[in-house]
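Understanding the architecture of this molecule
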Amino acid sequence: MCIRDRFCYACNDDVIDPDLSAHMEIFGIDVKKQVKTEKTMAELELALNLAYSLSQKYEEGLKFTPMYGPCLTGIENVGNTCYIASIVQVLYSLPEFVERYYDSYKKHVAECASFAPDCFMCQMCKMAYGLCSGVYSQPKKHKKIIYEGQAEEEKDKDYYYQEGIKPQMFKTYFGKGNPDFSSSQQQDASLYLTYLLDKIQTKEKLLGSSDPSRIFRFEMETKLKCLGCGGVKYKKEGYCSLKLSFELPEGSVPENTIVKMTECLDGFIKGDVVELYCEKCGKNSTFSKSQSFVNFPKVLALIMQREIMEGMMLKKLPVLFEVPVEELDIQNYKTLAHAPDEVLLGGMLALSPIDDSAALDEPEVNPTMLNDLILAGVPELAARHALTNTGNSSSELAISWFFEHMSDPSLAQPLPKVKKAGSAKFTEGNVAKVMEFGFSRDQAVFGLSNTVRLFVSYRIMTVKEL
């Protein structure tokens, strides 16, 4: 007798039918002669898990063959740590990192008396040994699992896998004190690259040793030219990567659209226009902004920004980047000599004070920090949001806040107006009197536009410029 489950529509539930074979014969189906051809959901899930655990990875119909040996070790995901794996694998594929940390592994382990979870060199050397030694990248035969309906050739086939390493202690050490990288949430790999390289630079400086992260570092010069008076201002900043964007075509973006990296670089170097206060013109003016390389790194990390805001959602564009390695001549993006007849603008380039005739206005922000954020590529409205939400504490904190909230569409909206703390109605005589105490005109205008407390705070934060 064949006993099987069947669904009863009257009961709206599964019931046991002891006479299923007889009932199926009514429809001309002989159950005893039927052959199983489809897998159950449990069998499908088992097959999927087997395929995953046996490192059979597929992408666009292509099967990837597992590889084993030194510098071919995989990193296991220990909870949304794929961003760590992608960055660490790249870093430890570079000779400078291998030489600094893998070659130092045995010596450091033998001599180190520190607690390993709190030791920078222990974590870096241990990661280097795990990835580069090949000890954790040996082929291991997977235990065979036979399931119902499995093909005979599959039963006789052997599957191999590698043990790999888990970056749990590495993640804990470098994420300590950081609310984002210490969590188990997904994070941006490009932000982690900058964060990790800064950590490495700081620790190596304390140790007085050679810093392998130096191969990523370079300087860029930002040129601001007033389109009104022609005056220029230059500023140099250090970077370890460049974030490039590209112009979107009209309408929807087709799948696998090709974007040339040279076009992205050209757009980044060419820059755009910004509104700043020009001390020579004595008013807000339009400035052209362009950037160029002062020097070049040994390894240039380029980050392609493929995400856009579509409504309230962050959307990733289906584009492919064409990298002309052989034809790319980055000397074309090097800083040129300054023209001898250029008129250099001194002091700060900040937005001019807004008249306080109205009862409400946007919150005041530190003009120096605002200028720093704009030069760093942060849109003006977003920069004002960042400085307001961080209490004008520092440019670095404001930039960090911006990257954490850059997907917020409200950053493209003006700040809500608030009651003004002081009056900006002053005369040139008032400005001149303040300047007699050693303040520049920009500082005097800012101070007279705000309360005494803000003026003193501003004086302290800009003391280096006096």
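In the block above lies the structure referred to throughout.
My aim in this report is to walk through the structure given alongside it, one point at a time.

About the cut-offs
- Residue numbers restart at each chain and count upward from 1, following the sequence in its written direction.
- In keeping with the model being predicted, local features are shown solely for residues with a pLDDT of at least 70 and side-chain atom pairs are shown and tallied solely at 80 or more, while totals for entire chains, interfaces and linings include all residues.
- With hydrogens and water excluded, all non-hydrogen atoms of the structure serve as input to the side-chain values.
- Helix numbers and strand numbers start at the N terminus; a helix is a DSSP run of H or I with at least 4 residues, a strand a run of E with at least 2.
- Relative accessible area decides the class of each residue, using a 1.4 Å probe on protein chains only: under 20% of the type maximum gives buried, over 50% gives exposed, and in between gives partly exposed.
- Working rule for contacts: check all heavy atoms of both residues, and any pair within 4.5 Å makes them a contact.
- Using the Shrake-Rupley algorithm and a 1.4 Å probe, accessible areas are obtained, with residue cover drawn only from the displayed protein chains.
- In protein, a polar contact means a hydrogen-donor-capable atom and an acceptor-capable atom, both N or O and within 3.5 Å, with residues adjacent in sequence counting only if both atoms are side-chain atoms; elsewhere, any N or O pair within 3.5 Å suffices.
- Cysteine sulfur atoms are paired as a disulfide whenever they come within 2.5 Å of each other.
- Strand pairing is assigned whenever DSSP identifies at least 2 bridges connecting the two strands.
- Only the stretch in contact is used when a helix axis is fitted, and all axes are lines through C-alpha atoms; the angle between N-to-C directions ranges over 0 to 180 degrees.
- Residues grouped as a nonpolar core are buried Ala, Val, Leu, Ile, Met, Phe, Trp, Tyr and Cys residues, joined through side-chain atoms within 4.5 Å.
- Note on patches: the residues involved have over 30% relative accessible area and no salt bridge, like charges join within 9 Å, and the nonpolar side chains Val, Leu, Ile, Met, Phe, Trp and Tyr join within 5 Å.
- In the sections that follow, a salt bridge refers to a side-chain nitrogen of Lys or Arg positioned within 4 Å of a carboxyl oxygen of Asp or Glu.
- Just so you know, the count uses Lys and Arg for positive and Asp and Glu for negative, and it drops His and the chain ends.
- Every charge is mapped to an atom, namely NZ of Lys, CZ of Arg, CG of Asp or CD of Glu.
- Between 30 and 60 degrees the pair is tilted, below 30 it is stacked and above 60 it is edge-to-face, where a pair is any two Phe, Tyr or Trp rings, Trp via its six-membered ring, whose centres lie within 6.5 Å.

**A look at the overall build of the protein**
Of the regular secondary structure elements, the protein holds 16 helices and 18 strands. Across the 466 residues in the protein, those meeting the buried criterion constitute 35%. Across the protein, every contact between residues at least 6 apart in sequence was considered, and the portion connecting residues at least 24 apart equals 63%. Working note: accessible area of the protein is about 28300 Å², and carbon and sulfur atoms make up 55% of it.

**So, the environment of Tyr 239**
Examined against the element boundaries, Tyr 239 turns out to sit in strand 8 (residues 232–239). In sequence terms Tyr 239 and Thr 194 are 45 residues apart; their C-alpha atoms lie 8.9 Å from each other. In this structure, Tyr 239 is in contact with Phe 216, Arg 217, Phe 218, Met 220, Gln 291 and Leu 375, ignoring residues within four places of it in sequence. At 3.5 Å, the side chain of Tyr 239 and the side chain of Glu 237 are in polar contact.

**Description of the state of the cysteines**
Note: disulfide means a covalent bond formed between the sulfur atoms of two cysteine side chains. Applying the stated rule across the entire model yields zero disulfides. With no disulfide partner, Cys 8 has as its closest neighbouring cysteine sulfur the one in Cys 11, 3.5 Å distant. The class for Cys 8 is buried, based on a relative accessible area of 16%. Cys 112 carries a free sulfur, and the closest cysteine sulfur to it, the one in Cys 122, is 3.6 Å from it. According to the relative accessible area criterion, Cys 112 is partly exposed, its value standing at 22%.

**Let's talk about the sheet that holds strand 11 (residues 272–278)**
Ordered by their spatial adjacency, four strands build an open sheet running 8-7-12-11, and the pairing between neighbours is antiparallel. What marks the edges here is a single partner per strand, and that holds for strand 8 and strand 11. In this sheet, adjacent strand axes meet at a mean angle of 35 degrees when their direction is disregarded. Bridging between strand 7 (residues 218–226) and strand 12 (residues 283–293) involves seven bridges; their strand directions are antiparallel.

**Describing the nonpolar core**
Within the largest apolar cluster, 37 residues are counted, with the highest numbers of intra-cluster contacts made by Leu 91, Tyr 92, Phe 97, Tyr 101, Phe 170, Tyr 192 and Phe 216. The leading source of residues in this core is helix 6 (residues 120–132), at nine residues. The contacts of Phe 216, once residues within four sequence positions are left out, are Leu 91, Leu 94, Phe 97, Leu 197, Tyr 239, Cys 240, Pro 297, Val 299 and Ala 301. Membership of the second largest hydrophobic core comes to 22 residues, among which are Val 365, Leu 373, Ala 382 and Ala 398.

**Details of a negative patch on the surface**
The grouping of Glu 247, Glu 263, Asp 266, Glu 322, Glu 326 and Glu 327 at the surface amounts to a negative patch. Position of Asp 266 among the secondary structure elements: in helix 10 (residues 261–270). Taking relative accessible area as the criterion, Asp 266 reaches 40% and is therefore assigned partly exposed.

**A look at the pairing of strand 7**
In this sheet, strand 8 lies alongside strand 7 in antiparallel orientation, the contact comprising eight bridges. Following the sheet pairing, Glu 219 is matched in strand 8 by Gly 238. Turn length for the strand 7-strand 8 hairpin, with the two strands adjacent in sequence and antiparallel, is five residues, and the turn residue Gly 230 shows positive phi of about 85 degrees.

**Side note on the packing of aromatic side chains**
What the rule picks out here adds up to 17 aromatic pairs. Measuring from centroid to centroid gives 4.9 Å for Tyr 173 and Phe 174, while their planes differ by 90 degrees, and the two rings are edge-to-face. Both residues of the pair, Tyr 173 and Phe 174, count as buried. Pairing Phe 181 with Tyr 195 gives two aromatic rings, centres 4.9 Å apart and planes at 40 degrees, and the pair type is tilted. Here Phe 181, found in the loop between helix 8 (168–175) and helix 9 (189–207), pairs with Tyr 195, found in helix 9; they are 14 residues apart in sequence, far enough to count as distant. Through pairs of rings, three or more aromatic residues link up here, namely Tyr 92, Phe 97, Tyr 101, Phe 120, Phe 170, Tyr 173 and Phe 174.

**Focus on a nonpolar patch on the surface**
A contiguous nonpolar patch, built from Ile 26, Phe 27 and Ile 29 and spanning about 350 Å² of accessible area, is present on the exposed surface. Topologically, Ile 26 is positioned in the loop between helix 1 (20–25) and helix 2 (41–53).

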